[in-house]
Amino acid sequence: MSHNPIRPWRNIERRKTRQIMVGSVAVGGDAPISVQTMTNTLTTDAKATIAQVQAAAEAGADIVRVSVPDQDSAKALHEIVRESPVPIVADIHFHYKRGIEAAEAGAACLRINPGNIGSPDRVKEVIRAARDHNCSIRIGVNAGSLERHLLEKYGEPCPDAMVESGLDHIKILEDNDFLNFKISMKASDIFMTAAAYQQLADHTDAPFHMGITEAGGFVGGTVKSAIGLGNLLWAGIGDTMRVSLSADPVEEVKIGFEILKSLGLRHRGVNIISCPSCARQGFDVIKTVETLERRLEHIKTPMSLSIIGCVVNGPGEALMTDVGFTGGGAGSGMVYLAGKQSHKMSNDQMVEHIVEQVEKKAEEIEAAQAAAEQAAE
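This text gives an overview of the structure that appears in the document. Treat the numbers as computed from the prediction; the structure is a model and nothing was measured. (Residues numbered from 1 in each chain as written. Predicted model: local features only at pLDDT ≥ 70, side-chain atom pairs only at ≥ 80, totals over all residues. Heavy atoms only, no water.)

**Describing the sheet that holds strand E6 (residues 109–112)**
With respect to topology, eight strands assemble into an open sheet ordered E8-E7-E6-E5-E4-E3-E10-E9, the strand pairing being parallel. Edge positions in the sheet fall to strand E8 (181–186) and strand E9 (209–210), since each has one partner strand and no second. As paired strands, strand E4 (residues 63–67) and strand E5 (residues 88–92) are joined by four bridges and run parallel to one another. Bridging from a neighbouring strand, Val66 pairs with Ala90 of E5. (Pairing = 2+ DSSP bridges. Helix = DSSP H or I, 4+ residues; strand = E, 2+ residues; numbered from the N terminus.)

**Considering the packing of aromatic side chains**
What the rule picks out here adds up to two aromatic pairs. Ring centres of Tyr197 and Phe208 lie 5.6 Å apart, and the angle between their planes is 45°; this geometry places the pair in the tilted category. With Tyr197 in helix H7 (residues 190–200) and Phe208 in the loop between H7 and E9, this residue pair connects regions lying 11 residues apart in the sequence. Residue classification places Tyr197 among the buried residues on the basis of a relative accessible area of 0%. What makes Phe208 buried here is its relative accessible area of 0%. With a centroid separation of 5.3 Å and an interplanar angle of 75°, the aromatic rings of Phe283 and Phe325 are classed as edge-to-face. Taken together, the positions of Phe283 in the loop between strand E11 (270–274) and helix H10 (285–295) and Phe325 in strand E13 (residues 323–327) put the pair 42 residues apart, joining distant regions of the chain. The ring centre of Phe208 lies 3.7 Å from the NZ or CZ of Arg15, which sits over that ring. (Phe/Tyr/Trp six-rings, centres within 6.5 Å; stacked < 30°, edge-to-face > 60°. Buried < 20%, exposed > 50% of the residue type's maximum accessible area, 1.4 Å probe, protein only. Lys NZ or Arg CZ within 6 Å of the ring centre and 35° of its normal.)

**What about helix H8 (residues 218–234)?**
The first and last C-alpha atoms of H8 sit 22 Å apart over 17 residues, in line with the 24 Å expected at 1.5 Å per residue. Those residues of H8 lying buried are Gly221, Thr222, Ser225, Gly228, Leu229, Gly230, Leu232 and Leu233. Among the residues trailing H8, Gly236 stands out with phi positive, at a value near 90°. (Expected span 1.5 Å × (residues − 1).)

**Considering the environment of Asp132**
Its place among the elements puts Asp132 in helix H4 (residues 120–132). Sequence separation between Asp132 and Ala103 is 29 residues; the distance between their C-alpha atoms is 8.4 Å.

**Brief notes about a negative patch on the surface**
A contiguous patch of negative charge on the surface is contributed by Glu356, Glu359, Glu363 and Glu366. Judged by its relative accessible area of 41%, Glu366 is partly exposed. (Patch = residues over 30% accessible without salt bridge, like charges linked within 9 Å, V, L, I, M, F, W, Y side chains within 5 Å. Areas by Shrake-Rupley, 256 points an atom, 1.4 Å probe, with all protein chains shown as cover. Salt bridge = Lys/Arg side-chain N within 4 Å of Asp/Glu carboxyl O. Lys, Arg positive; Asp, Glu negative; His and termini not counted. Charge placed at Lys NZ, Arg CZ, Asp CG, Glu CD.)

See below:
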């Protein structure tokens, strides 16, 4: 639960789930909601895939998924897992033997799709490999690849069909005494996705992997994911998530964190509060924010920065942020520190000055945290 006794209308009570481990990352229970992405390089190109995994991890990804479509990809997975700074999920479709090979290669989790992985006997073989290699499993139900008998029963992809598919597969794992699994209910339709997750939540305590599949390009996919995932997360549903975009995986990670940050569920890096700008602006707000976003990417410490073009809302927003800058007149504006007016700064020097102030504040926060941890030992 995100607990805010002063502003209770911000509280989110998370759904109670059991906790599993994806490598070193806890998923479910009281663990933070983890952010995932997926590589789009050829897995057989281990060097390129490792570079993409490392870039995603640097952006904040807790877990990265890698497609394993063939035997050569399974072989490359050994090196990818060895060089990865985060747990690797092997994405398995159609060929159950790839799941066995991926577990042997050191994958932390196997993502299998009940609609195309094969018979229960083949699934059992994958379960055996996962157990033998301390590997978790994600049941990945997808509206676009439901089992034929469910499509015939329901006439089309729908939440009921998705949930029945998921529960059938959960039963196979549980009948084999395998509980180290999570499950996802993904569709490109946000209404179907939300309904499926909400319905499934009444039937299992398994942790949920969240996502709107095939969401689209950067802008459209971000909007669909923010609406679909945001509403579910606000309702307390979700333990790990991926924002699926036809874009650089690093962008998926950034958007994932922004969704969580907006709900107060995760905090990482600088949360920039800025106005859209208008004729009252005392400096070029849009250009300034674009520059600061780029210049402050290296900051991992959670903190807030307000960049407001004029004094209408600037002072009020600055009261709530660690560092703030409000446009004024005569080519300068006011710098706020810890919510209070501090000093004026010229517009042509303000970017460098704000970067310095943010870096200084981050160091102060980190030092205070370290001192608190040391005192608690």
